[in-house]
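Survey of secondary and tertiary structure
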Amino acid sequence: MTPEVKLMMSRIVLSGVLALVCLGVSGAKRDPNVPVVGSTGPGYRPVRYRAPQVKAREHVPGFLFLEAEGFADYGFWRIDTQFTHKMGSAYLIASGVGRPVGSAVTEVDVPRSGIWHVWARTKDWLPEYSPGAFTIAVGGAAGNRLGVSRRVGWLWERVGSFRLAEGPAEIELRDISGCFGRCDAVLMTTDSGYVPPDDPVALAAERCRLKGENPVPAERGDFDVLVVGAGSGGVPSAIAAARGGARTALVGDRPVLGGNGSDEIGVGLCGACVNKPAGRETGIIEEAVCLRAMQKGPAAISEAFRKLTEAERNLSVFYCERMVEAEVEDGRIRAVICRNTLTGRRSRFTAKLFVDATGDGWLGYFAGAEYRQGREGRGEFGEPNAPDNPDTFTMSGLLHEPSVGVAYKVVDTGAPTVYTVPEWAKVLPRGFSRRTSSIYGMWWIEHPSWIDDCADPEGARDELIRISFAYWGWVKNEAPHRDKAANYALAEIPIMDGRRESRRLIGDYILNGNDCEAGTVFPDAVAYGGWPLDVHDPMGMHAPVSTGHRFRMKVLPFYTIPFRCLYSVNVPNLMMAGRDISVSHMALGSTRVQQTCAVIGQAVGTAAAMCVKEGLSPRELGRKRITALQQRLIRDDAFIPGFRNEDPSDLARRASASASSSAAETRRFSHGRIVVYGNAAPANVIDGYTRPIGDHSHAWISDAGAALPQWIRLDFPEAVEMREIRLTFDSDLEFNAWRFRVAEELVRDYDIECTVDGRTWVKLVEERGNFQRHRVHAISPVKAKALRVTVRATHGAPEANIFEIRVY
């Protein structure tokens, strides 16, 4: 079987795996009719989904309107919903690599015999070359060549006129070129003088008329907190708000959770652990990372996020809902309007407080929030590595899908192959070269920074497609290591664009690169970062020679992110989570990575719930209740450099600690070196810290020479009433989150007991099979003078490791 046939067979399987109607799910009220797309079980299934199959009906006499995404069989065309907010609908795309893909087919019931005039909404995606040619066959007869109009934008093209008999007729999208032809809809009419409108507003109205749909948005609910955007910033934000008691909605425009880290795009999770011991982010994102490690599945985080969101009774999740409008009254957001990316149905959501976690700042944009887009000049913040003058340049995204990889997928054919770069591919500059010995796609395969991902996201993605074809040509035919590629053939190009930068919404403070380099600890700190100041080359692949970076400070200290960066300066009920927070372009080089976005999201969701509960605006919360917010975050396993547990409600802070044994020191391998941590005493579990800092372990670690079980106990000055016990274990924060393993240091089996008289122990909790770092055990109220935690097994380590014990 040739590689091409193998690829075709794999895509046959994948194209039929998943059918999805994205509506909404809630932790306590999940709709069993709403399947969830993602990777489940022991293996990985690339995300290939479809819209519900819809058979066109004659709602208006003499008209049939067929959505391409509603076709019965996609063949080897793929659905693309990334740009519905710009062009009005999902569409099918023939994502071949110069070889025509298999046809998409559906059937229509012709209501009466006669001449039917057929139109198709298409896009000539590169009018200079018109590479995406296809045709539509109606009842077996092929129509005009489409996708080659030489005109810009989405528009209607005449397929032809066909004599059809009453009854079923087959409609077939036939790819001609294998070069990303695309079709949005097919319109059939008996009116020979009718011309469908190209104007987006007029088309939206005509779509509703011809499909018999109600243009009035359906009311989907009134919430305390509404989070728009379901990536690494939005999901933790929604979970934190729900856990804080707020009725919360999470509205995302994809069929899975996770944004750039999802099963669709699959970018690995990065954060502060890249070059610092024990730097990995904790809290909700660590729950997801630990859960994902148990799945033994892909690098994507979607399934873990799904399970965490479904566990929250205060949280409703709405998939495939693209926000297209915001209602603003007296400067405050009242509601958002969304369009379902698969069905086109419009919905309206209302809330008290809104979180923009869209990455691109779309909610803030629609609400009139102040924002920036591009690079500040050196003079504004005195950032030494900023450009001399401000401009609108933003970092490029990258094409990435887990089943394909970065930029392209190649297969070994077993024999030498020839590759000719298509004439329409991007022409690389004279003298082009990159310092790599890999034949595979790399993160720096980027378009130049003057392409605007917000204004023309489809055009930005298409430019990356052109670049991918050209770069493979360089690897195959010109690179010094081209012999490695001799037997390889181009098999697939991703169509998903993982964006890095666009709008940044302005808050009461703009974090800048100097703040990051200095490791600033702000008095209103609620999150932290530590990824390098990683700013990419604005020329992208237009630069003849480049490392991919314009500037990259390899090592940053931990720096904090102030709460003032996380709410809008001029929209009083708008907060931000993720890469659209209030930072300079230089600072964004660090804050944009997903682990950092996640801890920002948790801080924002926690604050949002407090705002609703206490009747405060985010600004008021920051001025009046910042200490309470910080302590709540630390309680929930968030790390804020420079801060520790000082919660007066934590009864454990009054106790004394003792243990069955303690290690003299412990050693860890971190970033290529051995780190020795001293002081593993029992008192560390109540010292206020939950990770190693410097050479201090801040954990109780039992003597590895003393066999498990081992115990630690807290003795109180007098009997205390216990209702909740919180334990923080060691999940090995030395390693990046994209690595898959359950930390051997993590406690697996343990018991929690209490005693009134110091002699008789009553078991409160018996836990077996734990795989989480942070555990919260609600118990029936009990009065006791001592508490004991007995560690019976770990995931491999010979010693017990506990960072913190809290009692409430």
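Further up the page is the structure itself.
Summarised in this report is the structure supplied together with it. Along each chain, residues carry numbers from 1 onward, in the same order as the chain's sequence is written. The model is predicted, so local features are restricted to residues of pLDDT at least 70 and side-chain atom pairs to those at 80 or more, both for listing and for counting; the totals for chains, interfaces and linings are taken over all residues. Excluding hydrogens and water, the side-chain figures rest on all heavy atoms present in the structure.

Every helix listed is a DSSP run of H or I at least four residues long, and every strand listed is a run of E at least two residues long, numbered separately from the N terminus. The helix and strand inventory of the protein stands at 14 helices and 38 strands. For the radius of gyration, the atom set is restricted to C-alpha positions; the globular benchmark scales as 2.2 Å times the number of residues to the power 0.38. Here the C-alpha atoms of the protein give a radius of gyration of 28 Å, agreeing with the 28 Å that 2.2 N^0.38 yields for 808 residues. The dimensions of the protein, computed from C-alpha atoms along their principal axes, are 95 × 60 × 55 Å. The cut-offs for exposure are 20% and 50% of the maximum accessible area for each residue type, with area from a 1.4 Å probe on protein chains only; residues under the lower value are buried, those over the upper are exposed, and the others partly exposed. By residue count, 61% of the 808 residues in the protein fall in the buried class. For the protein, restricting intrachain contacts to residue pairs at least 6 apart in sequence, the fraction spanning at least 24 positions comes to 75%. Only the protein chains shown count as cover for residues, and the accessible areas themselves come from Shrake-Rupley with a 1.4 Å probe. In the structure as shown, the protein presents an accessible area of about 29,000 Å², 51% of it carried by carbon and sulfur atoms. By definition, residues are in contact when any of their heavy atoms lie within 4.5 Å.

If you look at the biggest cluster of nonpolar residues, it comprises 130 residues, and the most contacted ones within it are Ile136, Met188, Leu226, Phe563 and Leu566. Element by element, the count of residues in this core is highest for helix H12 (residues 594-614), at ten residues. Apart from residues no more than four positions distant in its own chain, leucine 226 is found in contact with Ala249, Val251, Val336, Phe349, Ala351, Leu353, Phe354 and Val355. Put simply, a nonpolar core is a bunch of buried Ala, Val, Leu, Ile, Met, Phe, Trp, Tyr and Cys residues held in one set by side-chain atoms that sit within 4.5 Å of each other.

Attention shifts here to helix H5 (residues 284-295). What a helix should span is 1.5 Å times the count of its residues minus one. With twelve residues, H5 ought to run about 16 Å at 1.5 Å a step, and its terminal C-alpha atoms sit 17 Å apart, in line with that. Taken across its twelve residues, H5 has eleven buried, putting it largely inside the fold.

Attention now moves to the sheet that holds strand E23 (residues 497-498). Here, any two strands with at least 2 DSSP bridges between them count as paired. Taken in spatial order, the three strands of this open sheet run E20-E19-E23, and their pairing is antiparallel. This sheet does not close on itself; its edge strands, each paired only once, are strand E20 (405-406) and E23. Pairing of strand E19 (residues 398-401) with E23, which is carried by two bridges, proceeds in the antiparallel orientation. When the bridges of E23 are listed, leucine 399 appears paired with aspartate 497. To get an axis, fit a line to the C-alpha atoms, keeping to the stretch in contact for a helix; angles then go from 0 to 180 degrees between the N-to-C directions. In this fold helix H9 (residues 457-477) packs onto E19 and E23, with an angle of close to 80° to the strand it touches most, E19.

Residues leucine 708 and proline 709 are joined by a peptide bond in cis, for which omega reads 10°. As for its placement among the helices and strands, proline 709 is situated in the loop between strand E33 (700-701) and strand E34 (710-729). Of note in the backbone geometry, aspartate 330 takes a positive phi value of approximately 55° without being a glycine. Tracing the sequence through the fold places aspartate 330 in the loop between strand E15 (321-329) and strand E16 (332-340). Phi at histidine 698 is positive, roughly 55°, even though this residue is not glycine.

What follows is about the sheet that holds strand E5 (residues 104-110). Across the sheet, four strands lie side by side as E5-E10-E7-E8; this open sheet has antiparallel pairing. The sheet terminates laterally at E5 and strand E8 (141-146), the two strands that pair on one side only. Taken pair by pair, the neighbouring strands of this sheet meet at an average axis angle of 20°, ignoring direction. As judged from the five bridges shared by strand E7 (residues 134-138) and strand E10 (residues 167-175), these two strands associate in the antiparallel manner. Directly across from alanine 137, in E10, lies its bridge partner glutamate 172.

What follows concerns the environment of arginine 99. Positionally, arginine 99 belongs in the loop between strand E4 (91-93) and E5. By relative accessible area, which is 37% here, arginine 99 ends up partly exposed. Taking C-alpha positions, arginine 99 is 8.2 Å from isoleucine 176, a pair spaced 77 residues apart along the chain.

Our focus in this paragraph is the packing of aromatic side chains. The relative placement of two aromatic rings is captured by the distance of their centres and the angle of their planes. Centres within 6.5 Å are what make two rings of Phe, Tyr or Trp a pair, Trp counting through its six-membered ring; a difference in plane orientation under 30 degrees is then read as stacked, over 60 as edge-to-face, and the rest as tilted. Within the structure shown, the criterion is met by 29 aromatic pairs. Among the aromatic residues, those joined into a ring-pair cluster are Tyr408, Tyr419, Phe432, Trp444, Tyr471, Trp472 and Trp474. Whether a charge lies above a ring is judged from NZ of Lys or CZ of Arg, which has to be within 6 Å of the ring centre and within 35 degrees of the ring normal. Just above the ring of tyrosine 74 sits the side chain of arginine 50; from NZ or CZ to the centre is 4.3 Å. Positioned above the aromatic ring of phenylalanine 639 is the side chain of arginine 691, whose terminal nitrogen or guanidinium carbon lies 4.1 Å from the ring centre.

Salt bridges, as used here, are contacts in which a Lys or Arg side-chain nitrogen is within 4 Å of a carboxyl oxygen on Asp or Glu. This structure, assessed with the given rule, holds 62 salt bridges. Of the charged contacts, one joins arginine 372 and glutamate 376 as a salt bridge, the two residues approaching to 3.1 Å between their closest N and O atoms. Take arginine 372: its relative accessible area is 25%, and that puts it in the partly exposed class. The exposure class of glutamate 376 is buried, given its relative accessible area of 5%. In the salt-bridge network here, residues are joined through shared partners; they are Glu67, Arg121, Asp184, Arg207, Lys211 and Glu213.

Here we take up the state of the cysteines. Any two cysteine sulfur atoms within 2.5 Å of one another count as a disulfide. Summed over the entire model, instances satisfying the criterion amount to zero disulfides. With no disulfide of its own, cysteine 179 has cysteine 183 as its nearest cysteine by sulfur position, at a separation of 17 Å. Its relative accessible area of 8% is what places cysteine 179 among the buried residues. Take cysteine 611: it sits in no disulfide, and the sulfur closest to it among the cysteines is that of cysteine 565, at 16 Å. The buried category is assigned to cysteine 611, whose relative accessible area is 2%.

Here we take up the side chain of glutamate 206. Along the chain, glutamate 206 turns up in helix H3 (residues 200-211). The class of glutamate 206 is buried, set by a relative accessible area of 12%. At 2.6 Å, the side chain of glutamate 206 and the side chain of tyrosine 194 are in polar contact. Polar contacts, as used here, are pairs of N or O atoms within 3.5 Å; protein pairs need one atom able to donate a hydrogen and one able to accept it. Residues neighboring in sequence count only if both atoms are side-chain atoms.

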